[in-house]
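Survey of secondary and tertiary structure
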Amino acid sequence: MSIANNRSDIDTSNFIPSILIIAYLLVGFVPNMEAVDKVSPQWVYMNIVNIFSSIYLFVNRNNFQKIIKNLIYTGISIFYISFFVWTALSYFYAINPIEALVNIPRHLNTLLMYLFIGIFIHNVRNKNRLISWCIAIILTVEVYAVFVQAMDMINTTGSIYTDNLKGVTANRNITAFSIALKIPFILYLLENIKGKFFKISLFMLVTFALIDLSMIESRASFLGVGLILFGYLFICGYKYILINKNKRVFYNLGYYILPLFFSILVNQLYFSNKGADAVSRAATIAINTSDDSISKRLRYYEDVMTHMFSNPIFGTGIGNWKFESIRYDRLDIDGYIVPYHAHSDFIQLGAELGFIGFFLYILVFVSAVYFVFFILFKSKISNTDKLFSFFLILSLGVYLIDANLNFPIARPQELAPWALVMALINFYYVRAKLNEKQLNKKPLPSLKMAFPIVSLILLLPGLFVTHKTYKSQIAQMIILNDFNSDKHNIPLNQIETYIPSIPN
């Protein structure tokens with residue numbers, strides 16, 4: 001790690017890694033850019049950031065030699081890399097190999113995003129606060145966007161149309177979980193800053209974040225809100241029992257309970273009669289087959305499990321469940337809506353990759369949970385870092401709720417904070433192991449050269465595929481507009497050549 005000779009020098013070993021990490025976190029603000037779905041240009045953006053990261057890592061490889069080895073040889077990384085290799089191999093048995101080719105670069109980009117963040121985070125000073133403040137700024141923009149949309153709806157129509165509360169994202173579920181994932185970082189800041197102005201500002205940010213969630217009415221995100229509450233209570237108990245036998249630690253619960261209470265109160269007094277009744281919506285959280293959304297999910301789960309047990313080794317191939325799902329759901333399909341996601345990342349991956357892919361992906365999360373357990377109860381790192389790790393596992397818990405009820409694995413806006421959380425958990429686990437002298441410090445000289453080069457070699461064709469997919473979605477938008485307006489401006493003989501060959 002290079003050190004600036006004097007204060008006027010720019011320490012690029014800290015500055016550039018910080019900028020690259022922030023660049024990943026900003027992926028959610030990439031707009032549609034004329035595509036049908038904004039995730040398409042977001043994948044292109046992520047690919048480009050990964051290319052810059054691999055180039056920077058290659059140029060500065062001597063500074064990261066030990067870090068690369070320590071990162072890659074942990075359980076999270078080994079299982080995740082193994083999962084990606086198995087995912088890539090599914091190309092050879094996929095129902096539609098081109099569709100597998102579209103999805104493989106997405107998994108590659110997510111894997112490399114996690115690895116690059118995990119490497120760069122070592123060089124970032126005051127990482128807990130810097131990352132948390134970046135998250136706070138991003139969350140402020142997201143919360144503001146939702147609130148403005150809601151107020152515009154009320155001013156124009158007198159009602160809130162919850163399905164259209166998308167904020168800066170593509171739909172309300174992404175918005176809800178993108179907000180909920182970030183709340184634990186704000187709670188960490190509230191516990192670790194002293195300035196009254198900042199405390200009040202962050203307190204208000206948590207309050208407005210919860211008000212937004214009450215208006216969006218995503219039931220799955222309500223579960224996330226509840227998980228944060230119980231997790232925060234556990235954190236306070238942990239601090240009281242193992243760190244400070246002072247009951248005042250429980251006062252910190254007010255940083256979350258008071259905003260939660262106030263958001264419910266505002267919702268019931270003002271928004272409930274405008275079409276956004278959070279309490280009534282939360283009351284419907286149950287396994288109720290008469291609820292259309294729940295009955296669809298249960299039907300999808302049954303179909304996926306049936307296929308997974310019928311094809312335990314080789315599934316449909318990555319990204320190919322959308323084709324096989326038609327056979328299972330053909331009698332219940334509404335119009336042209338194909339159930340291309342099973343609303344559970346884990347079992348859908350089981351259907352696409354068999355039990356091997358299913359368990360490899362689960363082991364990535366199991367490793368993260370074990371790492372936090374080790375950090376909290378078996379390591380000697382600082383209490384501040386232990387507590388930060390506790391807040392990280394809360395954010396991961398919110399992601400897990402989403403991953404079991406929706407499909408965040410296809411949404412870069414949620415994958416970026418997830419990759420950050422996993423990288424930070426991995427970082428503190430490595431630090432704890434080094435403190436305990438349980439980790440081999442000997443670097444692998446070949447790895448510092450091989451890792452960035454191999455990454456770049458894989459990313460360049462990946463950029464070609466993601467860009468082709470993006471161009472396809474631009475063409476799809478034009479054709480969709482023709483279809484919806486019943487104008488059909490594009491001649492029939494041009495349709496086949498209008499859309500690129502990827503995806504087919």
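Residues numbered from 1 in each chain as written. Predicted model: local features only at pLDDT ≥ 70, side-chain atom pairs only at ≥ 80, totals over all residues. Heavy atoms only, no water.

This part takes up the overall build of the protein. From N to C terminus, the protein includes 18 helices and zero strands. A compact globule built from 504 residues would reach a C-alpha radius of gyration of about 23 Å, and the protein, at 23 Å, matches this within 12%. The C-alpha extent of the protein, read off along each of the three principal axes, is 65 × 60 × 50 Å. Of all 504 residues assigned to the protein, the portion counted as buried reaches 54%. (Helix = DSSP H or I, 4+ residues; strand = E, 2+ residues; numbered from the N terminus. Rg over C-alpha atoms; globule rule 2.2 N^0.38 Å. Buried < 20%, exposed > 50% of the residue type's maximum accessible area, 1.4 Å probe, protein only.)

Moving on, we come to helix H10 (residues 254–271). Relative to the 26 Å expected for 18 residues at 1.5 Å per residue, H10 spans 24 Å between its end C-alpha atoms, a close match to the ideal helical length. Every buried residue of H10 is listed here: Gly254, Tyr255, Tyr256, Pro259, Leu260, Ser263, Asn267 and Phe271. (Expected span 1.5 Å × (residues − 1).)

With respect to the helices and strands, the residue Lys182 is situated in helix H7 (residues 172–192). On the accessibility criterion, Lys182 (4% relative accessible area) is buried. At a separation of 3.4 Å, a polar atom in the side chain of Lys182 contacts the side chain of Glu142. Excluding its chain neighbours within four sequence positions, the residues that come into contact with Lys182 are Ile135, Ile138, Leu139 and Glu142. (Polar contact = N/O pair within 3.5 Å; in protein donor to acceptor, adjacent residues only side chain to side chain. Contact = heavy atoms within 4.5 Å.)

Here we take up the packing of aromatic side chains. In total, this model carries 42 aromatic pairs according to the counting rule given. Look at Phe371 and Tyr429: their rings are 3.6 Å apart centre to centre, the planes differ by 0 degrees, and that puts the pair in the stacked class. Of the two residues, Phe371 is situated in helix H14 (residues 345–377) and Tyr429 in helix H16 (residues 412–435); the sequence distance between them amounts to 58 residues. Given a relative accessible area of 4%, Phe371 falls into the buried group. Given the relative accessible area of 10%, Tyr429 is considered buried. Above the ring of Phe323, the side-chain terminus of Lys322 is found at 5.9 Å from the ring centroid. Lying over the aromatic face of Tyr328, Arg327 brings its terminal NZ or CZ to 4.7 Å of the ring centre. (Phe/Tyr/Trp six-rings, centres within 6.5 Å; stacked < 30°, edge-to-face > 60°. Lys NZ or Arg CZ within 6 Å of the ring centre and 35° of its normal.)

Once that is clear, we can look at helix H4 (residues 75–89). Counted at 1.5 Å a residue, the expected span for H4 with its 15 residues is 21 Å, and the 21 Å between its end C-alpha atoms agrees. Within H4, the full set of buried residues consists of Ile76, Ser77, Tyr80, Phe83, Phe84, Trp86 and Thr87. Contacts made by the buried residues of H4 are with helix H3 (65–72), helix H5 (97–120), H14 and H16.

Bringing the confidence of the model for the protein into the picture now. On average, the protein scores 89 in pLDDT, and the residues at 70 or more come to 94%. Note on residues 1–11: pLDDT under 50 across the span, and ten contacts to partners over four residues away in sequence or across chains. (pLDDT = per-residue confidence, 0-100.)

Even without being a glycine, Asn126 presents a positive backbone phi close to 50 degrees. Relative to the helices and strands, Asn126 is located in the loop between H5 and helix H6 (127–157). Phi at Glu217 takes a positive value of approximately 65 degrees, unusual for a residue other than glycine. Relative to the assigned elements, Glu217 resides in the loop between helix H8 (196–216) and helix H9 (219–243).

Another point: the packing of helix H2 (residues 39–59) against H5. Two elements in contact, H2 and H5, have axes whose closest approach is 10 Å; the angle formed by their N-to-C orientations is 45 degrees. The pairing of H2 with H5 is recorded here as oblique in orientation. In terms of crossing hand, the pair formed by H2 and H5 is left-handed. Counting all contacts with H2, which are made through Trp43, Met46, Asn47, Asn50, Ser53, Ser54, Tyr56 and Leu57, the residues of H5 involved are Arg106, Asn109, Thr110, Leu112, Met113, Phe116, Ile119 and Phe120. Among the residues making up the contact of H2 with H5, the classes are represented as nine nonpolar, six polar and one charged. (Axes fitted to C-alpha atoms, helices over the stretch in contact; angles between N-to-C directions. Parallel < 35°, antiparallel > 145°, perpendicular 65-115°, else oblique. Left-handed = near helix turned anticlockwise from the far one by under 90°. Nonpolar A, V, L, I, M, F, W, Y, C, P; charged D, E, K, R; others polar.)

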